[in-house]
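# Examination of the molecular architecture
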Amino acid sequence: MNSIAAADRPAWAALVLPIVLLGASMLLFVAVGAADYPGKIAKEMGHSTAQLAIAAALVFLLYRTGLAREAGLTRPVREWPRGWPLAVIPMALIGLINLLSVDVQTLSFDLPRAAGWLYNSMSTGLFEEILLRGFCFYYLYRAWQSRPNALIKAGIAQALIFGIAHAFNIFQAPLGDVVPQVVYATLLGIGFAGIAAYTRSLWPVIGIHAFINAMGDLDVFFGVESLAEAGSASGYVVAIVIIFVVSTLPGLAMLRRRQAQIDGATPHA
């Protein structure tokens, strides 16, 4: 009866709760960002603390909905596939590319900045992965599992939600920079979903997400505070191509592989 009811329910209906949760989170971040901070790093700390608070609430929600193990939040390392490191290597290249663009000689390292840098990177990885690849991805899969290729569709849908969420950056960046960010996030969201599906755990994807953010935020935490420069169209195109190759294509391949495993384990009527 549950499968029949799910099949009769419009597919878009399952998107309501993930979008509402993400929208509420974004509004909270806008409110946190509106506070008066003494500097950019202090503002990042306020944002990070809000992320951790929401992540904690989402963990509670995963347990309440029975999705904690299915999403891989509680799956032990011994149950991860042996080749799981290979799943994250392509996306690690994005973090290394971010590192190549940093002039290390201009950075100033100290313990408080390093602590803030790690705190911010981990809070972002935890919040975005628990919400998007933990709750949204598997919530949508559960709602659509009676439909063909449900896992792949859920992976693409949560990636689109992830991308659209980055449109909130319009409050602090020009449209010409925000549109590429939306594209980046969507393409990365498919890669992150592929890793989560293949490893059947959130922890590898939380780790690689935190690594990418950490490499991208070196200038923010250790560089001289200055106005951000607008990116070039050619630079955005190159970045999109790189992300598509090292994130989206492997992510789709891993989603298809996991979907085939699910289909093979499902008894036919």
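None of these values were measured; they are calculated from a predicted model. (Residues numbered from 1 in each chain as written. Predicted model: local features only at pLDDT ≥ 70, side-chain atom pairs only at ≥ 80, totals over all residues. Heavy atoms only, no water.)

On the surface, a cluster of nonpolar side chains totalling about 540 Å² of accessible area is made up of Val 30, Ile 170, Phe 171, Leu 175, Val 179 and Val 183. The element that contributes the greatest number of residues to the nonpolar patch is helix H7 (residues 175-199), accounting for three residues. Counting through the fold element by element, Val 30 comes out in helix H2 (residues 16-33). (Patch = residues over 30% accessible without salt bridge, like charges linked within 9 Å, V, L, I, M, F, W, Y side chains within 5 Å. Areas by Shrake-Rupley, 256 points an atom, 1.4 Å probe, with all protein chains shown as cover. Salt bridge = Lys/Arg side-chain N within 4 Å of Asp/Glu carboxyl O. Helix = DSSP H or I, 4+ residues; strand = E, 2+ residues; numbered from the N terminus.)

Two elements in contact, H7 and helix H8 (residues 203-216), have axes whose closest approach is 9 Å; the angle formed by their N-to-C orientations is 150°. By the angle between their directions, the pair H7 and H8 is classed as roughly antiparallel. Residues Phe 192, Ile 195 and Thr 199 of H7 pack against Pro 204, Val 205, Ile 208, His 209 and Ile 212 of H8. In the contact of H7 with H8, the residues fall into six nonpolar, two polar and no charged. (Axes fitted to C-alpha atoms, helices over the stretch in contact; angles between N-to-C directions. Parallel < 35°, antiparallel > 145°, perpendicular 65-115°, else oblique. Contact = heavy atoms within 4.5 Å. Nonpolar A, V, L, I, M, F, W, Y, C, P; charged D, E, K, R; others polar.)

Phe 127, Ile 130, Phe 137, Trp 144, Phe 192, Ile 208 and Leu 255 are the most contacted members of the largest nonpolar core, which totals 63 residues. For this core, the elements supplying multiple residues, two or more each, are H2, helix H3 (40-64), helix H4 (84-100), helix H5 (111-144), helix H6 (150-165), H7, H8 and helix H10 (233-265). It is H5 that contributes the most residues to this core, 13 residues altogether. Once residues within four sequence positions are removed from consideration, Phe 127 is found in contact with Ser 25, Met 26, Phe 29, Gln 51, Ile 54, Ala 55 and Leu 58. By size, the runner-up hydrophobic cluster in this structure holds nine residues, among which are Met 45, Val 102, Trp 117 and Ala 214. (Core = buried A, V, L, I, M, F, W, Y, C linked by side-chain atoms within 4.5 Å. Buried < 20%, exposed > 50% of the residue type's maximum accessible area, 1.4 Å probe, protein only.)

On to the packing of aromatic side chains, then. Using the criterion set out here, one finds seven aromatic pairs in the structure. Taking 4.8 Å as the distance between ring centres and 50° as the angle between the ring planes, the aromatic pair formed by Phe 137 and Tyr 138 counts as tilted. Of the two residues, Phe 137 and Tyr 138, neither departs from the other in class, the shared state being buried. Through pairs of rings, three or more aromatic residues link up here, namely Phe 109, Trp 117 and Phe 222. A cation over an aromatic ring shows up here: Arg 133 above the ring of Phe 162, its NZ or CZ 4.4 Å from the ring centre. (Phe/Tyr/Trp six-rings, centres within 6.5 Å; stacked < 30°, edge-to-face > 60°. Lys NZ or Arg CZ within 6 Å of the ring centre and 35° of its normal.)

Quick look at unusual backbone geometry now. Of note, the phi angle at Asn 149 is positive, near 55°, even though the residue is not glycine. The residue Asn 149 is located in the loop between H5 and H6 in this model. For Arg 200, which is not glycine, the phi dihedral falls at a positive 60°. Along the chain, the position of Arg 200 falls in the loop between H7 and H8.

This part takes up the environment of Pro 18. The residue Pro 18 is located in helix H2 in this model. On the basis of relative accessibility, which here comes to 0%, the residue Pro 18 falls in the buried class. Along the primary structure Pro 18 and Phe 135 are separated by 117 residues, whereas in three dimensions their C-alpha atoms are 7.8 Å apart.

Overall, the prediction assigns the protein chain a mean pLDDT of 89, with 93% of residues at 70 or greater. By mean pLDDT, helix H1 (residues 2-8) is the weakest element of the protein chain at 49, and H6 is the strongest at 96. Throughout residues 1-5 the model reports pLDDT below 50, and contacts reaching past four residues in sequence, or to other chains, amount to one contact. (pLDDT = per-residue confidence, 0-100.)

Under the counting rule described, the total for this entry stands at five salt bridges. Two residues, Glu 79 and Arg 75, come together in a salt bridge whose shortest N-O distance is 3.3 Å. Judged by its relative accessible area of 35%, Glu 79 falls in the partly exposed class. For Arg 75, a relative accessible area of 10% puts it in the buried group. We note a salt bridge from Asp 110 to Arg 113, for which the minimum N-O separation is 3.4 Å. Under the relative-accessibility criterion, Asp 110 is labelled partly exposed at 31%. When its relative accessible area of 26% is taken as the criterion, Arg 113 is described as partly exposed. Several salt bridges converge on common partners, so that one network encompasses Arg 69, Arg 75 and Glu 79.

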